[in-house]
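Close look at the chain arrangement
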Amino acid sequence: MTVLTIRRAEEGDAPLVLQLLRELAVFEKLDTPEFFRLTEAIVVRDLVGPAARVVVDLGYWGGEAAGICVWYRTYATFRAVPGIFLEDIFVRPEFRGLGIGRSFFVHLARVAAAEGADRIDWSVLDWNEKAIGFYRAMGAGPYEGWVNYRLRGAALAALAAEP
């Protein structure tokens, strides 16, 4: 019987983390130089090194790297409770349908419960109907009444330069 193992990524996993995130970028059609700037050095600095800004969990199916889950802790000030934001989740195509994606969510739900968090948030590309169906089947839905915004590039630089 094949078993899934989920473990925290370490510095030595940087090449694998980079490869899995590149595979996700290809899947999401975001593997252009404009969007995908990640390097192994950045992975070590920001994702798996001693000053990591996020948590990276790796999923192994029968000893083979099957997927990745990148997340970080958030806090809702009005509700006064912690939460989790799932930045990236990816299961390699050959491992899909084995429950690995759901297992990543079970893992995150257990972390959330242990830390008193009341939610896990994430975004999904509007064209990814298969993922949306998967999320809905778990009981998740869009956060009604809220629209995501992003400030970046020239607009971010201009705002930062204001006196």
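Look up: the structure comes first, before these words.
Residues numbered from 1 in each chain as written. Predicted model: local features only at pLDDT ≥ 70, side-chain atom pairs only at ≥ 80, totals over all residues. Heavy atoms only, no water.

Describing the environment of G49
Put simply, the test is: Only DSSP runs of H or I covering at least 4 residues are called helices, and only runs of E covering at least 2 are called strands; the numbering of each starts at the N terminus. Should any heavy atoms of two residues lie within 4.5 Å, those residues are counted as being in contact.
Following the sequence through the fold, G49 ends up in the loop between α2 (40-48) and β2 (55-61). For G49 and D88, which are 39 residues apart along the polypeptide, the C-alpha to C-alpha distance reads 18 Å. Not counting residues within four places of it along the chain, the set of residues in contact with G49 comprises E11, V43 and V44.

As for the sheet that holds strand β1 (residues 4-8)
The criterion, for reference: DSSP calls a pair of strands paired once it identifies at least 2 bridges connecting them. Helix axes use the C-alpha atoms of the stretch in contact, all axes being lines fitted to C-alpha atoms, and the angles between their N-to-C directions lie in the range 0 to 180 degrees.
Pairing is mixed in the open sheet, where five strands are placed in the order β1-β2-β3-β4-β5. Every interior strand has two partners, whereas the edge strands, β1 and β5 (120-122), have only one. Going across the sheet, the axis of each strand differs from the next one's by a mean of 30°, ignoring polarity. This element, helix α3 (residues 100-115), spans β1, β2, β3 (64-76), β4 (81-91) and β5 of the sheet and lies at about 165° to β4.

Details of the pairing of β4
Worth spelling out the cut-off: The buried label applies to any residue whose accessible area, calculated with a 1.4 Å probe on protein chains only, is under 20% of its type's maximum; exposed applies above 50%, and partly exposed to all values in between. The crossover handedness rule: strands pointing away from the viewer, path from first strand over the helix to second strand clockwise, crossover right-handed.
Of all eleven residues in β4, eight are buried; the element is thus mostly enclosed. Sheet analysis places β3 next to β4, joined by ten bridges and oriented antiparallel. Each residue of the ladder has a partner; that of Y72, found in β4, is F85. As consecutive antiparallel partners, β3 and β4 are separated by four residues, and within that stretch A80 has a phi angle of approximately 60°, a positive value. In terms of strand pairing, β4 meets β5 through three bridges, oriented parallel. Pairing of F85 across the sheet is with D121, part of β5. With α3 bridging β4 and its parallel neighbour β5, the resulting β-α-β unit is right-handed.

Focus: the packing of aromatic side chains
Stated formally: Here a Phe, Tyr or Trp ring, Trp counted by its six-membered ring, pairs with any other such ring whose centre lies within 6.5 Å, and the pair is stacked when the planes are under 30 degrees apart, edge-to-face when over 60, and tilted otherwise. Note on geometry: a ring has a charge over it if NZ (lysine) or CZ (arginine) is within 6 Å of the ring centre and within 35 degrees of the ring normal.
Across all of its chains, the model carries eight aromatic pairs by this definition. With a centroid separation of 5.9 Å and 50° between ring planes, the pair formed by F27 and W127 is classed as tilted. Taken as a pair, F27 in helix α1 (residues 14-27) and W127 in the loop between β5 and α4 (129-137) lie far apart in primary sequence, 100 residues in all. Accessibility expressed as a relative area gives 33% for F27, which makes it partly exposed. A connected cluster of aromatic rings, assembled from ring pairs, spans F105, W122, F134 and Y135. We note K29 situated over the ring of W127; from NZ or CZ to the ring centre the distance is 4.1 Å. Of note, R96 hangs over the ring of F27, and the distance from its end group to the ring centre comes to 5.0 Å.

Comments concerning the pattern of salt bridges
The line we're drawing: In what follows, salt bridge is the name for a side-chain nitrogen of Lys or Arg lying within 4 Å of a carboxyl oxygen of Asp or Glu.
On inspection of all chains with the given rule, the structure shows ten salt bridges. Between D57 and R8 there is a salt bridge, with its nearest N and O atoms 3.2 Å apart. Here the residue D57 occupies a position in strand β2, and R8 occupies one in strand β1, the gap between them amounting to 49 residues. With a relative accessible area of 2%, D57 lands in the buried category. Taking relative accessible area as the criterion, R8 reaches 45% and is therefore assigned partly exposed. Across the pair R92 and E23 runs a salt bridge, and its minimum N-O distance is 2.8 Å. Remark: E23 occurs in helix α1 and R92 occurs in the loop between β4 and α3; sequence separation between them is 69 residues.

Description of the nonpolar core
Threshold: Only buried Ala, Val, Leu, Ile, Met, Phe, Trp, Tyr and Cys residues count toward a nonpolar core, and they belong to the same one when joined by side-chain atoms within 4.5 Å.
Core analysis: the biggest nonpolar cluster contains 22 residues, and V17, L21, V56, L58 and I68 have the highest contact counts within it. Mapped by element, the contributors of at least two residues to this core are α1, α2, β2 and β3. The greatest single-element share of this core, amounting to eight residues, is contributed by α1. In contact with L58, not counting residues within four places along its chain, are T5, I6, R7, A9, D13, L16, V17, L20, G67, I68 and F104. C69, L86, F104 and A131 belong to the second-largest nonpolar core, a separate cluster that totals 20 residues.

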